[in-house]
Amino acid sequence: MSEMTKVTYRIRRFDPTKDASPHFETYTIPYTPGLTVLDGLWRVKELLAPDLSWRSSCRMGVCGSCGMLVNGMARLACNTQISELGTDQLVLAPLPNFDIIRDLVPDLMPMIAAHQDLHPYLVREDVAERESPTGEFFQSPHELEQYLQFSYCIKCACCMAACPTVASDPVYAGPMPLGQAHRYNSDTRDGGFALRREVLADERGPWRCHFAGECSRVCPKGVDPAKAIQLLKRQLVLDIFHLRQQKCPAELAPKPKDINRRDGIPEAPKPSV
Amino acid sequence: MMRDQKLWTWHIIAGAVILVFLGLHMLTMHMEGVIKIGSLNPASARSEARGGEEIHPTSWPNVRARGVRTLYMASYILLLGAALFHGLYGLNNIIREANPAKWVQKAVTVVLLLVGVGLFVFGTWAAIAARAVARAAVPGL
């Protein structure tokens with residue numbers, strides 16, 4: 001690939017104000033070592049197609065905005081070096097399983113709505129402590145391990161685009177919302193299992209998952225949503241027989257006693273909110 | 001609410017039941033020459049103890065000897081119920097994944113439910129009737 005001097009982008013374009021259906025357009029740009037798919041898109045926009053649209057922000061695989069189909073696989077454009085694709089011919093399309101807003105911009109609202117329905121935050125009865133924390137909730141390193149990898153999800157929707165069940169079942173919540181439901185159900189600081197079960201127990205829940213595993217294969221952050229969904233099923237089955245380990249939401253960790261601040265370390269600033 | 005959670009759980013339990021009973025079926029019908037368990041083929045065991053001829057698991061004396069036992073009748077009915085539920089619920093899910101219209105989904109569910117209940121009632125009657133026939137064929141019962 002060291003001989004590559006140019007790279008060709010074949011991009012699926014769609015402008016709802018002009019086009020009846022999506023079509024492909026081809027652009028060729030100069031290649032420089034280290035060029036990512038996202039860098040190339042900016043080059044295309046700068047030189048050849050100023051009206052080209054996509055989402056992106058952080059350029060470092062953190063924000064999850066630039067998920068798109070790159071040579072048939074859902075990836076983050078910013079995280080994908082062109083050199084690692086093994087070709088100078090790129091085919092870009094918006095993430096499948098979503099409506100297209102324009103060009104490479106998918107409509108992620110169904111995913112966000114499903115995510116929202118599953119209360120993706122710590123649900124606790126002690127609202128006062130949640131709103132105005134006075135300390136830390138106790139959680140052991142082992143308890144943290146139970147959900148840590150699932151908390152790396154950046155909601156880029158690559159898993160949703162790769163899921164064969166999402167492709168055919170409009171009701172199924174999909175790997176991202178379900179994975180995040182498991183993430184919070186497994187958090188010992190959380191007490192929202194019963195609330196989430198209202199959604200998980202019906203047809204939006206994990207029951208239609210075939211365990212194809214594509215969601216885990218494409219995840220750019222190495223999260224394993226397929227595993228989360230199977231663990232979620234196990235939790236819900238055990239719940240039917242009242243065998244699910246009931247973890248009360250963790251209590252506030254006791255504050256350390258008889259510890260003095262070392263010299264020269266200033267007080268923390270007062271909360272501004 | 002809870003509908004899919006419960007149905008899917010029963011689907012898995014039915015799968016486990018089928019696994020156990022199919023294992024027993026394999027032991028009874030196809031592995032008699034390898035593993036001999038007398039209670040699975042009582043007529044064969046009796047014949048062998050007397051030094052008589054070999055009796056096939058599906059031969060009438062074995063079928064009759066199993067059929068008179070209430071435990072076997074109950075196991076036939078349990079296997080029938082588990083297989084019908086597992087198969088028809090699975091079929092219902094497969095059809096739903098083709099994403100038909102809501103009314104088609106409902107119609108398919110109702111039809112499969114009626115087929116399942118009908119076959120279960122018929123199969124249960126057959127298992128009970130077969131036991132009665134087997135008992136009538138055994139003198140002294």
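The rules we used
Residues numbered from 1 in each chain as written. Chains lettered and ligands numbered in written order. Predicted model: local features only at pLDDT ≥ 70, side-chain atom pairs only at ≥ 80, totals over all residues. Heavy atoms only, no water. Helix = DSSP H or I, 4+ residues; strand = E, 2+ residues; numbered from the N terminus. Buried < 20%, exposed > 50% of the residue type's maximum accessible area, 1.4 Å probe, protein only. Contact = heavy atoms within 4.5 Å. Pairing = 2+ DSSP bridges. Axes fitted to C-alpha atoms, helices over the stretch in contact; angles between N-to-C directions. Domains from an automatic or database assignment. Buried area = accessible area lost by both parts, 1.4 Å probe. Salt bridge = Lys/Arg side-chain N within 4 Å of Asp/Glu carboxyl O. Nonpolar A, V, L, I, M, F, W, Y, C, P; charged D, E, K, R; others polar. Lys, Arg positive; Asp, Glu negative; His and termini not counted. Polar contact = N/O pair within 3.5 Å; in protein donor to acceptor, adjacent residues only side chain to side chain.

Enquirer: Is there a simple way to explain the overall build of chain A in this structure?
Expert: On a plain count of helices and strands, chain A comes out with 10 helices and seven strands. Principal-axis analysis of the C-alpha atoms places the extent of chain A at approximately 65 × 55 × 35 Å. Residues classed as buried in chain A amount to 44% of the 273 residues present. Residue pairs in contact within chain A that sit at least 24 positions apart in sequence constitute 64% of those at least 6 positions apart.

Enquirer: How should the sheet that holds strand β5 (residues 89-93) of chain A be read in this particular structure?
Expert: Within a sheet, neighbouring strands are paired by backbone hydrogen bonds and run either parallel or antiparallel to one another. Residue and element names in this part refer to chain A. With mixed pairing, five strands are arranged side by side in an open sheet as β2-β1-β5-β3-β4. Edge positions in the sheet fall to β2 (23-30) and β4 (73-76), since each of these pairs with one other strand and no more. Neighbour-to-neighbour, the strand axes of the sheet open up by a mean angle of 35 degrees, direction not taken into account. This element, helix α1 (residues 37-47), spans β1 (6-13), β2, β3 (67-70) and β5 of the sheet and lies at about 80 degrees to β1.

Enquirer: In this structure, what is going on with the domain arrangement of chain A? I would like to understand it.
Expert: Accessible area lost when the parts come together is the quantity often used to give the size of an interface. Residue and element names in this part refer to chain A. Annotation of chain A at the domain level lists domain 1 (6-106) and domain 2 (109-240). The C-alpha-based centres of domain 1 and domain 2 are spaced at 29 Å. The interface is formed by 14 residues belonging to domain 1 together with 16 residues belonging to domain 2. Overall, the association of domain 1 and domain 2 removes approximately 1,100 Å² of surface from exposure, summing both partners, and the carbon and sulfur fraction of that is 65%. At the junction of domain 1 and domain 2, the tally comes to zero salt bridges. Of all the elements, β4 adds the most residues to the side of domain 1 that touches domain 2, at four residues. Of the residues belonging to the side of domain 1 that touches domain 2, the class tally is eight nonpolar, five polar and one charged.

Enquirer: How should the environment of V44 of chain A be read in this particular structure?
Expert: Residue and element names in this part refer to chain A. Note on placement: V44 falls in helix α1. Between the C-alpha atoms of V44 and I29, which are 15 residues apart in sequence, the distance is 6.7 Å. With residues up to four places along the chain from it excluded, the contact list for V44 reads Y9, I11, Y27, I29, A49 and L52.

Enquirer: Would you take a moment to explain the side chain of E129 of chain A for this structure?
Expert: Residue and element names in this part refer to chain A. With respect to the element layout, E129 can be found in helix α3 (residues 127-131). One buried charged residue, E129, remains without a salt bridge, the closest side chain of opposite sign being R124 at 7.5 Å. Here T134 takes part through its backbone nitrogen, which lies 2.7 Å from a polar atom of the side chain of E129. Ignoring anything within four residues of it in the chain, the contact list for E129 reads T134, G135, F137 and L252.

Enquirer: Would you take a moment to explain the interface of chain B and chain A for this structure?
Expert: On the side of chain A, 16 residues touch chain B, which itself brings 15 residues to the contact. Roughly 1,500 Å² of surface becomes buried between chain B and chain A when both sides are summed, with 58% attributable to carbon and sulfur atoms. The largest contributions to the chain B side of the interface with chain A come from Q5, W8 and E97 of chain B, which together make up 42% of the buried area. In this assembly, chain B and chain A are joined by three salt bridges. Across the pair K102 of chain B and E203 of chain A runs a salt bridge whose closest N-O atoms are separated by 3.6 Å.

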